[in-house]
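# Coordinate analysis (summary)
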Amino acid sequence: MERSILLQPQPEELFNKYLENDVRADERKMGEMRDIQMKPGVISNAHGSARVSIGNTVLICGIKAELTKPSPEEPGRGLIIPNVELPPLCSPIYKSGAPCEKAQTATKFLDNLLKCTNIVDTEQLCITRDVLTWVLYADIICINYDGNLLDASVTAILLALANVKLPMVKVNEDEESDEITMDDTKTFQLNIKSLPVSSSFATFDKYILRDPTRKEEAMTTGMVTYVVDEDDNIVYTEKNC
Amino acid sequence: MSFESKIFRCHQGYLKNTDGSALLTEGTTSVLAGVYGPGDIRESRQNAQKGVVEVNFRPKIGIPTLNEKYLEQFVRKVLESAIILEDHPRSCFYVITQIMESRGSLLACSINAAVLALQDAGVSMNFIPVAVCVAVCEKEDINGVKNNQMVVGPNKEDEETQIAHMTFTFNSVTNNLACCHQQGSLSQEMYDKCLQLAQQESSDKLKAFREVLSANYIGCR
């Protein structure tokens, strides 16, 4: 009874009361994470895919592979191009049209992460140097947004990359024609060097809330995200006050 | 630390139409920041309790891309906590950072330029954010042995050999970390060492900020 009375006119007061009693609105402790569920291979048409849910935040990642000429700066490497989308169906905040700022920054976050950690050595994507390479378009779509986009995106993209099966491709080096033969029966999986784990925390005054929900993110001012690999090395940090 | 990274030159009031501006040169990187505010904003984007900060990050060449959008959020969030926004409800601070020359430590230079522009505009702030960039680079010493060295204020050559790149922004009042961006693999001890180094550097930089302001005002009576 008391909770519903306070919820509408004084959401901040209610939020503070919870934190003072060392508990959160969904009855979790401060350092407690929500239930994580992962399932690879959910999209049969994609070369690799995964569905990840952290509590009520559900993301689906689909990877489509295409053949292209490698870029002149890096002729012996392939490309992985992430794209995070927050469509209107995932939350009442987002409208249709150009991607919102949150989605754009999450996309760049993943792009930076993949480039600086070298999780997937893009040399294995190159078929013939300077001629042909794979480019992986990793699309991450949020089905339901309830906070903690970054952790879920990192998990989804890594799981999808581990799930990718690429057909063997041969370039026919005939002088007359440049034929490319693709053999669907023989597939190879990517060699994933490491699996870093992302942890996000919302900060508010002196409180640190692990794995914030959408409502907690709206109430708090700061956000910290650490990405740590298996050797306890800090790979990526983002902290905003 | 090379001689180049010791260069800290700021010209406040560089632009005549803005409420405040600063052309900051740190080492070999140069950023021009302009501030308009507090000013009008569309009703749909207004906040009744406090002001709003909008940052426009413009690259040296071409139209702003995703990269600029990403860096914008760091500048914006630092300024949102630094400026006393409660004094300016239903208003907006427009901060435009134009990259003039990007040869290392870009994000730190941009944050500092935005802060100096706000100071020039006379905007009241909770604290002065001081941004420092530290990189861990693979360097060869005299014997040809490769080892990892921490470089404060890396230039373009340092950034090409870097293993990790960090930008720390400190709160001048409490000396705590206000904002941080780090990419590249680092052990936790190395991370702590870089943080300490950056903290020492930030107190020197704060003195430099104060000298810039003093040069403008002391002597004018």
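A few points on the structure.

Quick look at the interface of chain A and chain B now. With 20 residues of chain A in contact, the opposing surface of chain B contributes 23 residues. When chain A packs against chain B, close to 2000 Å² is buried across both sides, 52% of that on carbon and sulfur atoms. Broken down residue by residue, the surface that chain A buries against chain B is led by Ile234(A), Lys239(A) and Cys241(A), which jointly contribute 28%. Where chain A meets chain B, there are one salt bridge. Measuring nitrogen to oxygen at the nearest pair gives 3.2 Å for the salt bridge that ties Arg76(B) to Glu101(A). Elements with a minimum of two residues in the side of chain A that touches chain B: helix H3 (101–117) and strand S12 (234–240) of chain A. A per-element tally of the side of chain A that touches chain B places H3(A) first, with eight residues. Here the residues of the side of chain A that touches chain B sort into seven nonpolar, seven polar and six charged.

What follows covers the sheet that holds strand S5 (residues 92–101) of chain B. Residue and element names in this part refer to chain B. Taking strand neighbours across the sheet as the criterion, the five strands line up as S1-S2-S3-S5-S4 in an open arrangement whose pairing is mixed. Pairing within the sheet leaves two strands with one partner each, and these edge strands are strand S1 (8–12) and strand S4 (52–58). If you compare each strand with its neighbour and ignore which way they point, the axes differ by 15° on average. In the sheet, S4 pairs with S5 via seven bridges, with the strands oriented parallel. Following the sheet pairing, Val 55 is matched in S5 by Val 95. Contacts from helix H2 (residues 106–121) reach S1, strand S2 (20–26), strand S3 (29–39), S4 and S5 within the one sheet, and its direction differs from that of S2 by about 145°. Along the sheet face, helix H4 (residues 188–217) touches S1 and S2 and points at about 35° away from the line of S1.

Conventions used here
- Residues numbered from 1 in each chain as written.
- Chains lettered and ligands numbered in written order.
- Predicted model: local features only at pLDDT ≥ 70, side-chain atom pairs only at ≥ 80, totals over all residues.
- Heavy atoms only, no water.
- Contact = heavy atoms within 4.5 Å.
- Buried area = accessible area lost by both parts, 1.4 Å probe.
- Salt bridge = Lys/Arg side-chain N within 4 Å of Asp/Glu carboxyl O.
- Helix = DSSP H or I, 4+ residues; strand = E, 2+ residues; numbered from the N terminus.
- Nonpolar A, V, L, I, M, F, W, Y, C, P; charged D, E, K, R; others polar.
- Pairing = 2+ DSSP bridges.
- Axes fitted to C-alpha atoms, helices over the stretch in contact; angles between N-to-C directions.

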